[in-house]
Amino acid sequence: MEKNDYFTEKISPKKKFDPSENLAFDNADLQSRKSERSEYVEIIGIRFKDVGKVYYFSPAGISFRQGEKAVVETTRGVECGEIVLSNRDIPRASLNSPLKDIIRKATESDIKQLEQNRVKEEEIMRTFTEKIQQHKLEMKPIDVDYTFDGSKILFYFTSESRVDFRDLVKDLAAVYRTRIELRQIGVRDEAKMLGGLGICGRPFCCSSFLGEFQPVSIKMAKEQSLSLNPTKISGTCGRLMCCLKYEQNCYEDFLRTTPKCGACVETTEGRGYVTDVNLLTGTLTIKLDKKPDVPFIVNKEEVKVIKDAQVKVSRSELKGLKNLED
């Protein structure tokens, strides 16, 4: 065997190339990619109010940019909303229900119709207020929502008690010749619709960026070492401030690593009980068994917890603040 033949034999593959095997591999790869694509679905996010809940639809093959408008079918009828979430793919498993396709991208005539509806809502609101006064009902008109296709008018109001508004509905239906629906809302929703300034001097969170309300409890204020004074922990709506929720996760992390008030701890000066806690700095004020009259301030890292305590809201505190919760 010549030298060139020897090297050719050594480096040549043991098995010749089989085109059918390569084709099978390509088909398997193609099926795998199709399977991956089927696990995802394309969505867009649409909002119908300036600061409202975001609803998800299938774009039906149309590309949208944030700020554009689309006409869709909803449970309330045909609506025109603003795109707040442009086209993107999400796992199909994350969907709770099938997506509805949009009807079309909003045209100039659709946008003009939407503006006319907003003007008409102001006129309907004035009529709504007048009719309430005529029927002498104990209810406060808040807002009116005139659907895009004019198939329904929703009237929002607040009241401290149940109201028999059947005659009012008949009166409004006779005026507008369409489907009428009255909805009684809470004080939080009222603040969201009307807007205003909070005690911080900024516009209400609910009317500026909060899409949905988050549950807020008195225990959150207690865990954040806030004064349980209703005027200091409640918003303009008369309920607990939404911003108590913002830092709650951080405070829960601090509480997991910091002894609470009433905890029994061991220090370099002896055993004692925690009387005050600063969660942000991690400093503890301790009443020592040997020197009960002299407060001992120490960092949480320098003590050993013998028996921890719990953050509790007393019955007397809860009784006076219970109406602040929803």
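Coordinates for the structure precede this section.
Residues numbered from 1 in each chain as written. Predicted model: local features only at pLDDT ≥ 70, side-chain atom pairs only at ≥ 80, totals over all residues. Heavy atoms only, no water.

## With respect to the packing of helix α3 (residues 108-135) against helix α4 (residues 166-176)
- α4 packs onto α3 with a crossing angle of 140° between their chain directions and a minimal axis gap of 10 Å. Relative to α4, the element α3 lies oblique. α3 and α4 meet at a crossing whose hand is right-handed. Across the interface between the two elements, Glu123, Ile124, Thr127, Phe128, Lys131, Ile132, Gln134 and His135 from α3 touch Asp167, Leu168, Asp171, Leu172, Val175 and Tyr176 from α4.
- Of the residues contributing to the contact of α3 with α4, the split by class is 7 nonpolar, 3 polar and 4 charged. (Axes fitted to C-alpha atoms, helices over the stretch in contact; angles between N-to-C directions. Helix = DSSP H or I, 4+ residues; strand = E, 2+ residues; numbered from the N terminus. Parallel < 35°, antiparallel > 145°, perpendicular 65-115°, else oblique. Left-handed = near helix turned anticlockwise from the far one by under 90°. Contact = heavy atoms within 4.5 Å. Nonpolar A, V, L, I, M, F, W, Y, C, P; charged D, E, K, R; others polar.)

## Observations concerning the environment of Thr267
- Tracing the backbone shows Thr267 in strand β9 (residues 264-267).
- Overall, Thr267 belongs to the buried group, its relative accessible area being 10%.
- Sequence-wise, Thr267 and Lys304 are 37 residues apart; in three dimensions their C-alpha atoms are separated by 6.7 Å.
- When near neighbours in sequence (up to four residues on either side) are disregarded, Thr267 contacts Ile286, Leu288, Phe296 and Val303. (Buried < 20%, exposed > 50% of the residue type's maximum accessible area, 1.4 Å probe, protein only.)

## Points about the side chain of Lys192
- Relative to the assigned elements, Lys192 resides in helix α5 (residues 187-194).
- Buried charge Lys192 goes without a salt bridge, the closest partner of opposite sign being Asp189 at 7.0 Å.
- Polar side-chain contacts of Lys192 include one of 2.5 Å to the backbone oxygen of Leu210.
- Contact partners of Lys192, with chain neighbours within four places excluded, come to Val51, Cys206, Ser207, Leu210, Gly211 and Phe213. (Lys, Arg positive; Asp, Glu negative; His and termini not counted. Salt bridge = Lys/Arg side-chain N within 4 Å of Asp/Glu carboxyl O. Polar contact = N/O pair within 3.5 Å; in protein donor to acceptor, adjacent residues only side chain to side chain.)

## Examining the sheet that holds strand β1 (residues 40-47)
- With antiparallel pairing, 5 strands are arranged side by side in an open sheet as β2-β1-β4-β3-β5. Every interior strand has two partners, whereas the edge strands, β2 (54-57) and β5 (104-105), have only one.
- Sheet analysis places β1 next to β2, joined by 4 bridges and oriented antiparallel. Following the sheet pairing, Gly45 is matched in β2 by Tyr56.
- Sheet strands touched by α3: β3 (69-74), β4 (77-91) and β5. Its angle to β3, the strand with the most contacts, is close to 70°. (Pairing = 2+ DSSP bridges.)

## Observations concerning the packing of aromatic side chains
- Applying the stated rule across the entire model yields 5 aromatic pairs.
- Where Phe209 meets Tyr246, the ring centres are 6.4 Å apart and the plane angle is 45°; that geometry is what we call tilted. Linking Phe209 in the loop between α6 (205-208) and α7 (218-223) with Tyr246 in the loop between α8 (230-233) and α9 (248-257), this pair joins segments that are 37 residues apart in sequence.
- A ring pair is formed by Tyr251 and Phe254, whose centres lie 6.3 Å apart and whose planes are at 90°; its orientation type is edge-to-face. Pair noted here: Tyr251 and Phe254 are both in helix α9, with a separation of 3 residues, about one helical turn.
- For Phe254, a relative accessible area of 28% translates into the label partly exposed.
- The ring of Phe64 is capped by Lys105, whose NZ or CZ atom sits 5.2 Å from the centre of that ring.
- The ring of Phe213 has Lys192 sitting right over it, with the charged end atom 5.7 Å from the ring centre. (Phe/Tyr/Trp six-rings, centres within 6.5 Å; stacked < 30°, edge-to-face > 60°. Lys NZ or Arg CZ within 6 Å of the ring centre and 35° of its normal.)

## Remarks on the pairing of strand β7 (residues 152-158)
- Most of β7 is tucked away: 7 of the 7 residues are buried.
- In textbook terms, the turn of a hairpin is the stretch between consecutive antiparallel strands, and for strand β6 (residues 140-146) and β7 this stretch comprises 5 residues, one of which, Gly150, has a positive phi near 70°.

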